[in-house]
Amino acid sequence: GRGSKRYRVAVTGADGQAPARPTPSSAAAPMSIETTRFRVTVDPIRGVIASLFDKTSGRELARGGEDGGLDRYIYVPGRDPKTAVFAEPGTVRAGETGPLVKSLVWSAEAPGTSGIESEVVLYEGLDRVEIVNRIHKKRVYDPEAVLYRFAFAANDPQDRISIPGGWYR
């Protein structure tokens, strides 16, 4: 025979009501989310993942310091990399707050844009960190470049990049 089962997933507090969504943080307060595998902290001043801690290995994956952090917005007006500038200090707020999916969303004003958002997402039970960058790009006709820097804490890194038909190192 055929059968089916329908489940409704909802988050409720002890009183049976939906919990209040967290409010946006102040511009100076870093926020963190975590699963059983990772703990992520976002710095709203620099707009970076200041800490990506792998609980399984006990390792910090993001390099610290002023030039450290993961997913930093860099804008180069013109062609000279020495003229690179960063996004303004922004705010960080909770995105998804469920038991299976958690996220933080950082928003800021940034050169060359009408604003940017970076969302870091963790999934309970998955060895995965997802980063979604949204750029509200202004129409600029002069030469420019937009980059995101990932300063990983690695002694001797070996990058392998997947491309159609193979990969390269």
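These numbers were taken from a predicted model, which means no experiment stands behind them.

Draft legend 1. Region of the structure containing the overall build of the chain. In terms of helices and strands, the chain carries 0 helices and 13 strands. Element order for the chain, N to C, with α for helix and β for strand: β-β-β-β-β-β-β-β-β-β-β-β-β. Taking all 169 residues of the chain together, 30% fall into the buried category. Long-range contacts, defined here as pairs at least 24 residues apart, represent 42% of the contacts in the chain between residues at least 6 apart.

Draft legend 2. A look at the pattern of salt bridges. Scanning all chains against the criterion turns up 8 salt bridges. The partner of Asp54 in a salt bridge is Arg37, with the nearest N and O atoms 2.8 Å apart. Here Asp54, found in strand S3 (residues 48-54), pairs with Arg37, found in the loop between strand S1 (31-34) and strand S2 (38-43); they are 17 residues apart in sequence, far enough to count as distant. Judged by relative accessible area, which is 19%, Arg37 ranks as buried. Two residues, Glu144 and Lys137, come together in a salt bridge whose shortest N-O distance is 2.9 Å. Since its relative accessible area comes to 26%, Glu144 is described here as partly exposed. When its relative accessible area of 36% is taken as the criterion, Lys137 is described as partly exposed. Three or more residues joined by partner-sharing salt bridges are found here, namely Arg37, Asp54 and Asp127.

Draft legend 3. Seen up close, a nonpolar patch on the surface. There is a patch of nonpolar side chains on the surface, built from Ile131, Phe150 and Phe152 and spanning about 260 Å² of accessible area. Residue position: Ile131 is located in strand S10 (residues 129-137). On the basis of relative accessibility, which here comes to 31%, the residue Ile131 falls in the partly exposed class.

Draft legend 4. Here's a closer look at the sheet that holds strand S9 (residues 113-123). Taken in spatial order, the 4 strands line up as S7-S8-S9-S10 in an open sheet, and their pairing is antiparallel. Since the sheet does not close on itself, it has two edges, and those belong to strand S7 (91-97) and S10, each with one partner. Taken pair by pair, the neighbouring strands of this sheet meet at an average axis angle of 20°, ignoring direction. Two strands pair when backbone bridges link them, and S9 and S10 are joined in this way by 8 bridges, in the antiparallel orientation. Bridging across to S10, Ser118 finds its partner in Asn133.

Draft legend 5. The packing of aromatic side chains, seen in detail. According to the stated counting rule, one finds 2 aromatic pairs in the structure shown. Arranged with centres 5.7 Å apart and planes meeting at 75°, the rings of Tyr73 and Tyr148 form a pair that is edge-to-face. Here the residue Tyr73 occupies a position in strand S5 (residues 69-77), and Tyr148 occupies one in strand S11 (residues 144-151), the gap between them amounting to 75 residues. Judged by relative accessible area, Tyr73 falls into the buried class, the value being 1%. Aromatic side chains Phe150 and Phe152 sit 6.3 Å apart centroid to centroid with 15° between the ring planes, which places their arrangement in the stacked category. Given the relative accessible area of 35%, Phe150 is considered partly exposed. Relative accessible area serves as the criterion here: at 46%, Phe152 is assigned to the partly exposed category. When the ring centre of Phe86 is taken as reference, the NZ or CZ atom of Arg72 above it lies at 3.7 Å.

Analysis parameters
- Residues numbered from 1 in each chain as written.
- Predicted model: local features only at pLDDT ≥ 70, side-chain atom pairs only at ≥ 80, totals over all residues.
- Heavy atoms only, no water.
- Helix = DSSP H or I, 4+ residues; strand = E, 2+ residues; numbered from the N terminus.
- Buried < 20%, exposed > 50% of the residue type's maximum accessible area, 1.4 Å probe, protein only.
- Contact = heavy atoms within 4.5 Å.
- Salt bridge = Lys/Arg side-chain N within 4 Å of Asp/Glu carboxyl O.
- Patch = residues over 30% accessible without salt bridge, like charges linked within 9 Å, V, L, I, M, F, W, Y side chains within 5 Å.
- Areas by Shrake-Rupley, 256 points an atom, 1.4 Å probe, with all protein chains shown as cover.
- Pairing = 2+ DSSP bridges.
- Axes fitted to C-alpha atoms, helices over the stretch in contact; angles between N-to-C directions.
- Phe/Tyr/Trp six-rings, centres within 6.5 Å; stacked < 30°, edge-to-face > 60°.
- Lys NZ or Arg CZ within 6 Å of the ring centre and 35° of its normal.

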